Amino acid sequence: GKTIKNTGISRYNSDFKESEYFKHYNKLINDEDILELMRKKGYKGIFVVHPSHVHNAKDFKGNDVFDINSGFADYQKIFREANLLVTDFSSVHFDFAYLRKPVVYSQFDKEKFFGGHIYTEGYFDYEKDCFGPVVYNYEDTKKEIINLLKKDCKIEKEYKNRIDKLYKYNDKNKC
């Protein structure tokens with residue numbers, strides 16, 4: 001089979017490099033315009049490979065700015081230290097937004113994701129409820145990342161207001 005029994009984790013897939021997912025994110029973490037601005041601003045990046053693709057992590061090309069994380073990811077530490085999150089449909093954006101930090105939703109494969117995927121569109125409407133810009137292609141993803149880097153990753157008021165509305169209380173007693 002294509003997955004390791006009882007884990008949901010894919011085995012190494014030699015066709016993975018042909019996927020839209022790989023091409024999109026590998027290009028993004030190696031985009032010279034983004035890398036140059038990150039170097040100038042003193043930012044480092046980490047690309048956390050989705051657990052289901054862990055065996056294909058070696059296909060992603062890191063560089064002097066981006067590390068590729070293919071093992072255990074300490075999300076609490078990463079989120080504490082990070083200034084910006086780029087994701088697609090992952091629920092981790094709720095945790096990141098709770099810290100009042102900006103998120104870019106790069107949903108370049110929305111039709112495919114909800115068309116033949118185990119996920120379905122639910123209660124969260126990305127267009128109306130999200131905590132950052134929602135974009136659907138590479139160039140717009142790049143534009144939003146560069147825009148936020150130029151602003152030192154300061155969250156826009158509109159998105160901060162959405163977060164504040166969702167997380168009315170921001171203390172250690174929240175559950």
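Further up the page is the structure itself.
A brief report on the enclosed structure follows. Here the structure is a predicted model, which means the values were calculated and not measured. (Residues numbered from 1 in each chain as written. Predicted model: local features only at pLDDT ≥ 70, side-chain atom pairs only at ≥ 80, totals over all residues. Heavy atoms only, no water.)

1. Quick notes on the pattern of salt bridges
Piece 1. The final tally for this structure, using the stated rule, is 11 salt bridges.
Piece 2. As a salt-bridge pair, D164 and R100 come within 3.0 Å of each other at their nearest N and O atoms. Here D164, found in helix α8 (residues 157–166), pairs with R100, found in the loop between α4 (92–98) and β4 (103–106); they are 64 residues apart in sequence, far enough to count as distant.
Piece 3. You can call D164 partly exposed: its relative accessible area is 27%.
Piece 4. Beyond isolated ion pairs, a larger network of salt bridges with shared partners links D31, D33 and K142. (Salt bridge = Lys/Arg side-chain N within 4 Å of Asp/Glu carboxyl O. Helix = DSSP H or I, 4+ residues; strand = E, 2+ residues; numbered from the N terminus. Buried < 20%, exposed > 50% of the residue type's maximum accessible area, 1.4 Å probe, protein only.)

2. Description of the nonpolar core
Piece 1. By size, the foremost hydrophobic cluster in this structure holds 23 residues, and its most contacted members are Y21, Y25, I34, M38, F47, F60 and L149.
Piece 2. Breaking this core down by element, the ones donating at least two residues are α1 (20–28), α2 (32–41) and α7 (138–150).
Piece 3. Sequence-distant contacts of L149, defined by excluding residues within four places in its chain, comprise I34, L37, M38, K41 and Y43.
Piece 4. Counting residues in hydrophobic clusters, the runner-up holds 20 residues, among them V92, F131, Y159 and Y167. (Core = buried A, V, L, I, M, F, W, Y, C linked by side-chain atoms within 4.5 Å. Contact = heavy atoms within 4.5 Å.)

3. What to know about the packing of α2 against α7
Piece 1. Running from amino to carboxyl end, α2 crosses α7 at an angle of 10°, the nearest separation of the two axes being 10 Å. One way to sum up the angle between α2 and α7 is to call them roughly parallel. The segment α2 lies against α7, with D33, I34, L37, M38 and K41 engaging K142, I145, I146, L149 and K150.
Piece 2. Split by residue class, the contact of α2 with α7 holds six nonpolar, no polar and four charged. (Axes fitted to C-alpha atoms, helices over the stretch in contact; angles between N-to-C directions. Parallel < 35°, antiparallel > 145°, perpendicular 65-115°, else oblique. Nonpolar A, V, L, I, M, F, W, Y, C, P; charged D, E, K, R; others polar.)

4. Digging into the packing of aromatic side chains
Piece 1. Following the criterion strictly, the structure yields 13 aromatic pairs and no others.
Piece 2. Considering the side-chain rings of F79 and F96, the 5.3 Å spacing of their centres and the 80° angle between planes classify their relative orientation as edge-to-face. One end of the pair, F79, is in helix α3 (residues 75–81); the other, F96, is in helix α4, and 17 residues separate them in sequence. The same class applies to F79 and to F96, which are both buried.
Piece 3. Members of the aromatic cluster, each reached through a chain of ring pairs, are F16, Y21, F22, Y25, F47, F60 and F108.
Piece 4. Its guanidinium or amino end placed over the ring of Y138, K27 lies 4.3 Å from that ring's centre, counting from NZ or CZ.
Piece 5. Positioned above the aromatic ring of Y98 is the side chain of R100, whose terminal nitrogen or guanidinium carbon lies 5.7 Å from the ring centre. (Phe/Tyr/Trp six-rings, centres within 6.5 Å; stacked < 30°, edge-to-face > 60°. Lys NZ or Arg CZ within 6 Å of the ring centre and 35° of its normal.)

5. Topic: the packing of α1 against α7
Piece 1. Taken N-terminus to C-terminus, the directions of α1 and α7 make an angle of 35°; their axes are 11 Å apart at the nearest point. For the element pair α1 and α7, the recorded crossing hand is right-handed. Here H24, K27 and L28 of α1 come into contact with α7, specifically with Y138, T141, K142 and I145.
Piece 2. Partitioning the contact of α1 with α7 into residue classes produces three nonpolar, two polar and two charged. (Left-handed = near helix turned anticlockwise from the far one by under 90°.)

6. Brief notes about α2
Piece 1. Every buried residue of α2 is accounted for by I34, L35, L37 and M38. Seen from one end, α2 has its buried residues packed into an arc of 165°, which puts them on one side. Turned more than 90 degrees away from the buried face of α2, the exposed residues are E36 and K40.
Piece 2. Among the structural elements, α1, β1 (45–48), β2 (66–69) and α7 are those in contact with the buried residues of α2.
Piece 3. One side-chain oxygen of the residue at the start of α2 lies 2.9 Å from the amide nitrogen of D33, identifying that residue as D31.
Piece 4. Phi for G42, located one or two positions after α2, is positive at around 80°. (Arc of directions from axis to C-beta. Polar contact = N/O pair within 3.5 Å; in protein donor to acceptor, adjacent residues only side chain to side chain.)

7. Some words on the sheet that holds β4
Piece 1. Taken together, the three strands give an open sheet; going across it, the order is β3-β4-β5, and neighbouring strands pair in parallel fashion. Sheet topology places β3 (85–87) and β5 (134–135) at the edges, where each strand pairs with a single neighbour.
Piece 2. Across three bridges, the pairing between β3 and β4 is parallel. Note that in β4 the partner of V86 across the bridge is V104. (Pairing = 2+ DSSP bridges.)

Read these as geometric descriptors, not functional statements.
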